[in-house]
Amino acid sequence: MDSGTPSERGLPERLRLCRRGPGAHEQHLLGSLAAAHTLARVIRPCYGPHGRQKLLVTARGETVLTGYATAILGALELEHPAARLLRDTALSQAEQSGDGTAFVVLLAEALLAQAERLLLAGLPRAQLREAYTTATAESLALLPSLAIRSLGPLEDPFWVLYSVMNTHSLHHTEYLTNLVAHACTMAKELDGSFHPERVGVCTLRGGHLEDSCLLQGLAVAGQPCGKVTTVLRGARVALFACTFGLANPYARATPCLSSPADLAKFRKGSEQLIEEQVSQLAAAGINVAVVCGEIEEQPVTQADKYGILVVQVESRRELVYLSEVLGTPLMPYLIPPSEPGKCQRVYEQVLDEGLAVVFEWECPDTPALTLVLRGGTAEGLREAEQAAYHGIDAYRQVCQDPRLLPGAGATEMALATILSEKGTQLEGPDGPGLLAFAQALRSLPATLADNAGLAVSNVIAEMTAAHQAGNFLIGVGDTGIINVAQEEVWDSLTAKAHGLQAVAEVAIQLATVDEILVAKESPTRQPDSNPNPTKAKGCPSPGGKKSPVTNK
């Protein structure tokens, strides 16, 4: 069963499918559709809990094993403007809602395929825009009526987060979901609000995923580099995105050293400069220096002298997160910041073979817990980290709006059933628009069934019969159709509504594009080979003729 092909029975009598011609409008629409097809072909196998993974080679030459659509789209280098627009819309959905990247790409591609059939059947572009706008408004109005479940203020969010974090590449999902649910519940404010920045995520290589744990405070993967390993009270933190040493040890310079005395003098001057830099930090009250860069031995020795804890972190991302949390800037040079970060204490925490540095404080507006993830491979840690962040984002959404929709494709099939019934009763362009929108929605549960290895035609037929009978809780499971209420598979109403709105906007924009214009790159200007332009005035022209000279 081809879920992307609409039934001609639903089209009005005046819209008859015609043969494809070489028209300019059709070419440009097919150009956008071809780009959407290509992007969807990459993302479709990764959709749902049974999706497959991709071996992704980034522009830097790094090989990444991932099944997350956000990571795949972010690494792709696209040239087609329609593909770029679709990719930006999907990434924006992931940034605002934390989920739904593949949903945006696949549904937009299906809507464009249906739009092409309507245009070939004779529907004007203006009426297509109006019909899709009507179908979008109708779908958004129906969503709240399908939300039959909500998360209580004191209810365990495990069953909500599990459907989000249950990815195809993650083992021990229940254990990780329990950790994330526990951390989010403990970080929740008394008034019911939740700030996701209060839950940090730290990855440590080694061990297994079931060795992951929760730590009080904010933990980062790093290690102390000197004799000072702990600040128990009144920590004042400075963050440095540079080498902990001279301002620029790799600067091009040629010292003129003619004797051993000159060499000793040069070395002594460098040591004095390093001592001045470290003493400036101590004078500013800095007792913790977090560095993302090389650590030199001489500055660490000076830091030990002044009682400064020097911590080297593994990634710049952790340094940026500390900057956001502590409210202190990243310093490009070894100078004290105008406003250092403050916390109660800083200490190292040994976890089997891993080592983390923990920042603790008692202020209510700062992170209170850190989810420390363990794993034997970088790919496994990356997948677990992304799943944890998805769970934290999902909890933030249900705290803002606790209403939940049936998952596993049940909501999409319910919307398709209702829109089909209304579309068959309407005359004019709105009827075909609703039918096309409904057919595009059916492609999502069909993709879930296909990725699960099921017979797509049988699953869609059973789902359609159940939804037409009024059972809107039937979705796609591991072995066939399931009751999502019994299996506890739910989607956030906020994320689904935002994704549906974003899909409709980008599909309408691409379906009504009149022409794709690409500006030609201007050739680079060749530099003038004549260093003295004044002498060129007296030179003969290329044709051998002299320039006329007027004598006064």
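Heads up: the structure comes first, above all this text.
Residues numbered from 1 in each chain as written. Predicted model: local features only at pLDDT ≥ 70, side-chain atom pairs only at ≥ 80, totals over all residues. Heavy atoms only, no water.

What about the packing of aromatic side chains?
All chains considered together, the criterion is met by three aromatic pairs. Geometrically, the ring pair formed by Tyr-132 and Phe-437 is edge-to-face, given 5.9 Å between the ring centres and 90° between the ring planes. Within this pair, whereas Tyr-132 is found in helix H5 (residues 125-146), its partner Phe-437 is found in helix H13 (residues 430-451), the two being separated by 305 residues in sequence. For the residue pair Tyr-132 and Phe-437, the accessibility class agrees, reading buried in each case. In this arrangement the basic side chain of Lys-496 is found over the ring face of Phe-103, its NZ or CZ atom lying 4.8 Å from the centre. (Phe/Tyr/Trp six-rings, centres within 6.5 Å; stacked < 30°, edge-to-face > 60°. Helix = DSSP H or I, 4+ residues; strand = E, 2+ residues; numbered from the N terminus. Buried < 20%, exposed > 50% of the residue type's maximum accessible area, 1.4 Å probe, protein only. Lys NZ or Arg CZ within 6 Å of the ring centre and 35° of its normal.)

Brief notes about unusual backbone geometry
Most peptide bonds take the trans form, and the phi angle of most residues other than glycine is negative. With phi around 60°, Ala-408 is a residue other than glycine that occupies positive phi space. Take Ala-408: it is sitting in the loop between strand E16 (403-406) and helix H12 (410-425). The backbone of Glu-488 shows a phi angle near 60°, a positive value even though the residue is not glycine. For Glu-488, the position within the fold is in the loop between helix H15 (484-487) and strand E19 (490-492). According to the relative accessible area criterion, Glu-488 is partly exposed, its value standing at 30%.

So, helix H10 (residues 316-326)
Within H10 the residues assigned to the buried category are Glu-318, Leu-319, Leu-322, Ser-323, Val-325 and Leu-326. Gly-327, located one to two residues past H10, shows a positive phi value of around 70°.

Some words on H12
In this model H12 runs 23 Å from its N-terminal to its C-terminal C-alpha over 16 residues, within 8% of the 22 Å that 1.5 Å per residue would give. Extensive coverage of H12 is indicated by the burial of 12 of its 16 residues. Among all positions of H12, only Ala-410, Thr-411, Glu-412, Met-413, Ala-414, Leu-415, Ala-416, Thr-417, Ile-418, Leu-419, Ser-420 and Gly-423 are buried. (Expected span 1.5 Å × (residues − 1).)

Remarks on the state of the cysteines
Applying the stated criterion across every chain, the model contains zero disulfides. The thiol of Cys-399 is not disulfide-bonded; the next cysteine sulfur, from Cys-184, is found 7.8 Å away. (Disulfide = S-S within 2.5 Å.)

Quick look at the pairing of strand E15 (residues 369-375)
Where burial is concerned, most of E15 is hidden: seven out of the seven residues are buried. Across the two faces of E15 the burial is the same, with Leu-369, Leu-371, Leu-373 and Gly-375 and Thr-370, Val-372 and Arg-374 all buried. As defined by bridge partners, strand E4 (residues 199-205) adjoins E15 across seven bridges and the pair is classed as parallel. Its bridge partner lying in E15, Cys-202 is registered against Val-372. (Pairing = 2+ DSSP bridges.)

Brief notes about the sheet that holds E15
Sheet strands pair by backbone hydrogen bonding; their relative direction is either parallel or antiparallel. Read across the open sheet, the three strands follow the order E4-E15-E5; overall the sheet is mixed. Each edge of the sheet is formed by a strand with only one pairing partner; in this case those strands are E4 and strand E5 (213-216). For this sheet the average axis-to-axis angle between neighbouring strands, irrespective of direction, equals 30°. Relative to the sheet, helix H11 (residues 378-400) contacts E4 and E15, its axis offset from that of E4 by approximately 170°. (Axes fitted to C-alpha atoms, helices over the stretch in contact; angles between N-to-C directions. Contact = heavy atoms within 4.5 Å.)

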